[in-house]
Amino acid sequence: MLPEKITREMFDKLVALAALELDEEESEYLRTELNHQLAAVKELSEIPIDEDIEPSLHGINCQGNPPRPDEWKPFPDPDAILALAPESRERYFVVPDIAQPGQEGQ
Amino acid sequence: MNTTSLSALEIVLRVRAGELSAMQVLEEHLAQIAAVDGIPGQLDLPALPPREEQKVHAFIQVTTDLARQQAEQIEAKVARGEDPGPLAGVPVSIKDIFCVQGTTTTAGSRILYNFRPPYTATTVARLEQAGALILGKTNLDEFTYGSSSESSAFQPHPNNPWNTQHVTGGSSGGSAAAVAAYETPLSLGTDTGGSIRQPAAFCGVVGLKPTYGRTSRYGLIAFGSSLDCPGPLARNVSDAALMLQVLAGADPKDSTSSIQPVPDYLAALAEGVRGLRIGISPDYDHIAYPDTETGEMGIQAIQPEMNQAVREVAQVLASLGAEIIENVPMPNARHGIPTYFVISRVEAASNLHRFDGVKYGYRTQKPVQDLTELYRVTRAEGFGLQPKLRILMGMYVSAAAHAAHYYQKALRVRSLIRADFERAFDPTGPYRLDALLTPTTPTTAFRRKEVLRDTVLMQYSDQMTVGANHAGIPAISIPAGLDPQGLPIGVQFFGNDFREDIILRVAYAYEQATELAPWRQEIPQALRAAEVK
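Residues numbered from 1 in each chain as written. Chains lettered and ligands numbered in written order. Predicted model: local features only at pLDDT ≥ 70, side-chain atom pairs only at ≥ 80, totals over all residues.

**Side note on the overall build of chain B**
Looking only at helices and strands, chain B features 17 helices and 13 strands. Here the C-alpha radius of gyration of chain B, 22 Å, is about what a compact globule of 533 residues would show, namely 24 Å. Based on the C-alpha atoms only, the size of chain B along its principal axes is roughly 65 × 55 × 50 Å. Considering chain B as a whole, with its 533 residues, one finds that 63% of them fall into the buried category. Long-range pairs, those at least 24 residues apart, make up 75% of the contacts in chain B between residues at least 6 apart in sequence. (Helix = DSSP H or I, 4+ residues; strand = E, 2+ residues; numbered from the N terminus. Rg over C-alpha atoms; globule rule 2.2 N^0.38 Å. Buried ≥ 20, exposed ≤ 12 C-beta atoms within 10 Å, placed from the backbone. Contact = placed C-beta atoms within 7 Å.)

In structure tokens, the structure reads:
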């Protein structure tokens, strides 16, 4: 059986994996709600289900568009996309240093 | 009496005939917004004067200049004798989850507070090409994550025009409120678990969630990619049909959009319900609700007026010649929310990874050491509680250690939910339904702040609607009365794949038959307040 509750330690690990940071109040509230939501989904494990029931990725059997030819269609105004960047230089996105393995904060 | 009281269909007919100017229509709707809407949603809201409590606050942004340009173009086309389009001169508001070039597109989140998309969503482009006037962007739950529209980072959140102390529902709450308050005859919303139908029910308007793939998702900021569906909100059924006609159809930019031909929805309306088989299910007259400590499911009654409304609607339809089929079993309906808690969160978490403060949107102003810290601090500051919770839940239930238990199981339960509807609609099966009639919501609009912090209870507001999203089928919510508090009651019709024409027809028949009902003559409080002023 799975653990019934997400402990503080598990929660903090999840927060780091999600590339988030939470203050104390947010952390307590969200961990409580997460545990409540997991309690609410507990019944899923108790639903009897035949072996031959396949998973549904979509509700209806998608009869979507047939695949397009693989043709390059340039966006008319790439500078409009670059202009959205919080920081850019010479048409590159600027970011802080990328941490090397072993150097990462936590 | 001015053009704000006209239906979209009446506006189009008069504008196309040259009897009514698109600019007059626009200016009268802008005046209505000025009278009832109050200040628009904004970040870091200062304290508000009390009179703002009585306002609707449907909009984050009113795009006056854009709409005036569009109105001028319609007038020029009419003057030249050109076809101005099937929505000529009709104001439309857009839920602020659709990219519209020339507008800020926030998703109700700080992380996109300054995002000005360099392209326009297909559904919005179709509205523009059809001659609609884009009035502005309406408020919503942050990233559509909620059922009350209170979680927007842009405050004040929308208020229910029928009683501004109550919520609009959500997440398309600004859209529903704007339509209910006669600020616009039409609004474009999205429905992932009920986000068109639930606020439509709470605000006393019509909301239609099309079949998955009937309307393009291109340019829609994604929540649950296998569930999301753009669709219309309107004050009556024929306006919803008119708008769906413009929205529907294949889009080369969305590989999940369907190539099924689009029927003539308006023409189908008048065909009536004689001979149609309308089902009612005992599995939709209550909800199964979990104890959040133990996970034990209990049965909870819903507001009695909801079941009463379903019975009255069934009687009206029976009197028009429909056959009412009772006791249609939908045994897996009760699993809708637990299944949704898993599938929608996994998809949401996946879709939210892209927001990182690098290519667009908000970036932290704090000094950071490295890129990883930039991501963490930007996301910590940019996302509100709901996106954070959905990322955490989605990552937990799809983690390698738990995926078989939660995510894979949920996908298989989704097949069971779908199978219930297939059996109900099967033309050779025991029920052979054309539509299934249910309440849209377990209650009428709840009070503001009453549910906001309880994320499980909030999600259960979608118990009656979410089945259509799991199954991919269409469903429509229409007004069916007012409760003793004067709050709107909605009922819902589910239909078979791509049979929007049939559920629109059934809804239209009921609407026409009850045209003179006393409750239809009532006016929302926010409008009465504006008149007194």
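On we go from here.
**Brief notes about the overall build of chain A**
What chain A contains, in helices and strands, is three helices and two strands. The order of helices and strands in chain A, counted from the N terminus, is α-α-α-β-β. The buried share of chain A, taken over its 106 residues, is 18%.

**What to know about the interface of chain B and chain A**
Residue-level contacts link 71 residues of chain B with 51 residues of chain A. Sorting the residues of the side of chain B that touches chain A by element identifies α10 (336–352), α11 (371–382), α12 (385–398), α13 (404–425), α14 (455–460) and α15 (466–471) of chain B as the ones contributing at least two each. Ranked by the residues each element gives to the side of chain B that touches chain A, the list is headed by α13(B), at twelve residues.

**So, the environment of Thr122(B)**
Residues and elements named next belong to chain B. Mapped onto the fold, threonine 122 is located in helix α4 (residues 122–129). Threonine 122 sits in the buried class, given 24 other C-beta atoms within 10 Å. Counting along the chain gives 22 residues from threonine 122 to valine 100, while the straight-line C-alpha distance between them is 9.4 Å. Residues contacting threonine 122, with those up to four places away along its chain left out, are Ser216, Tyr218, Gly219, Asp251, Lys253 and Asp254.

**Looking at the pairing of strand β9 (residues 297–301) of chain B**
All names here are of chain B. β9 sits mainly on the outside: zero of its five residues count as buried. Of the strand pairs in this sheet, strand β8 (residues 286–290) and β9 are connected by five bridges, and their pairing is antiparallel. If you follow tyrosine 289 over to β9, its bridge partner there is glycine 298. Between β8 and β9, which follow one another and run antiparallel, lie six residues, and glycine 295 among them has a positive phi close to 80°. (Pairing = 2+ DSSP bridges.)

**Re the sheet that holds strand β12 (residues 475–482) of chain B**
All names here are of chain B. Spatially, the eleven strands line up as an open sheet ordered β1-β3-β2-β4-β6-β5-β12-β13-β11-β7-β10, and their pairing is mixed. Whereas interior strands pair on both sides, the edge strands pair on one side only; in this sheet they are β1 (59–62) and β10 (323–325). Going across the sheet, the axis of each strand differs from the next one's by a mean of 25°, ignoring polarity. Two elements, β12 and strand β13 (residues 488–494), share six bridges in a ladder whose sense is antiparallel. From the neighbouring strand, leucine 482 faces β13, where its bridge partner is proline 488. (Axes fitted to C-alpha atoms, helices over the stretch in contact; angles between N-to-C directions.)

**So, the confidence of the model for chain B**
Of all residues in chain B, 99% attain a pLDDT of 70 or more, and the chain-wide mean is 96. Across the interfaces of the predicted complex, the ipTM metric reaches 0.94, alongside a pTM of 0.97. (pLDDT = per-residue confidence, 0-100.)

**Description of α13(B)**
For α13(B), which comprises 22 residues, the first-to-last C-alpha distance of 31 Å matches the rise-based estimate of 32 Å (1.5 Å per residue) to within 8%. When the local axis directions of α13(B) are compared, the greatest deviation, roughly 30°, occurs at Ala410(B). (Expected span 1.5 Å × (residues − 1). Bend = angle between axes of the 7 residues up to and from the residue.)

**Examining the pairing of strand β6 (residues 230–234) of chain B**
Residue and element names in this part refer to chain B. Taken across its five residues, β6 has five buried, putting it largely inside the fold. Looking at chain direction, strand β4 (residues 186–190) and β6 are connected through five bridges and run antiparallel. Paired with leucine 186 across the two strands is alanine 234, which belongs to β6. When strand β5 (residues 206–209) meets β6, the two strands line up antiparallel, connected through two bridges. Among the inter-strand pairings, glycine 207 is bridged to a residue of β6, identified as leucine 233.

**Considerations on the packing of α10(B) against α13(B)**
Residues and elements named next belong to chain B. Close contact between α10 and α13 brings their axes to 9 Å; oriented N to C, the two are set at 125°. In terms of their interaxial angle, α10 and α13 are classed as oblique. Pair α10 / α13 crosses with left-handed handedness. Contact with α10, carried on its side by Gly336, Thr339, Val342, Ile343 and Val346, involves Tyr406, Tyr407, Ala410, Leu411, Val413, Arg414 and Ile417 of α13 and no other residues of that element. Grouping the amino acids of the contact of α10 with α13 by side-chain chemistry returns nine nonpolar, two polar and one charged. (Parallel < 35°, antiparallel > 145°, perpendicular 65-115°, else oblique. Left-handed = near helix turned anticlockwise from the far one by under 90°. Nonpolar A, V, L, I, M, F, W, Y, C, P; charged D, E, K, R; others polar.)

**So, α10(B)**
Spanning 17 residues, α10(B) covers 23 Å between terminal C-alpha atoms, matching the ideal 24 Å at 1.5 Å per step. Extensive coverage of α10(B) is indicated by the burial of 16 of its 17 residues.

**Things to note about unusual backbone geometry**
All names here are of chain B. A cis amide bond, omega 0°, links glutamine 155 with the succeeding residue proline 156. Inspection of the secondary structure assignment puts proline 156 in the loop between β3 (133–138) and α5 (173–180). With omega at 10°, the peptide bond leading from glycine 170 into serine 171 counts as cis. Among the secondary structure elements, serine 171 is positioned in the loop between β3 and α5.

**Re the environment of Ala121(B)**
All names here are of chain B. With respect to the secondary-structure elements, alanine 121 resides in the loop between β2 (91–95) and α4. With 27 C-beta atoms counted inside 10 Å, the residue alanine 121 sits in the buried group. Remark: the alpha-carbon pair of alanine 121 and tyrosine 340, spanning 219 residues in sequence, is separated by 26 Å. Not counting chain neighbours up to four residues away, the residues in contact with alanine 121 comprise Phe98, Cys99, Val100, Tyr218, Gly219 and Leu220.

**Re the packing of helix α7 (residues 237–247) of chain B against helix α16 (residues 500–513) of chain B**
All names here are of chain B. Closest axis-to-axis distance for the α7/α16 pair is 9 Å, and the angle between their directions is 160°. On the basis of their axis angle, the class for α7 and α16 is roughly antiparallel. Between α7 and α16 lies a crossing of left-handed hand. Only Glu500, Leu504, Ala507, Tyr508 and Glu511 of α16 make contact with α7, whose side of the interface consists of Val237, Ser238, Ala240, Ala241 and Leu244. Its residues assigned to classes, the contact of α7 with α16 shows seven nonpolar, one polar and two charged.

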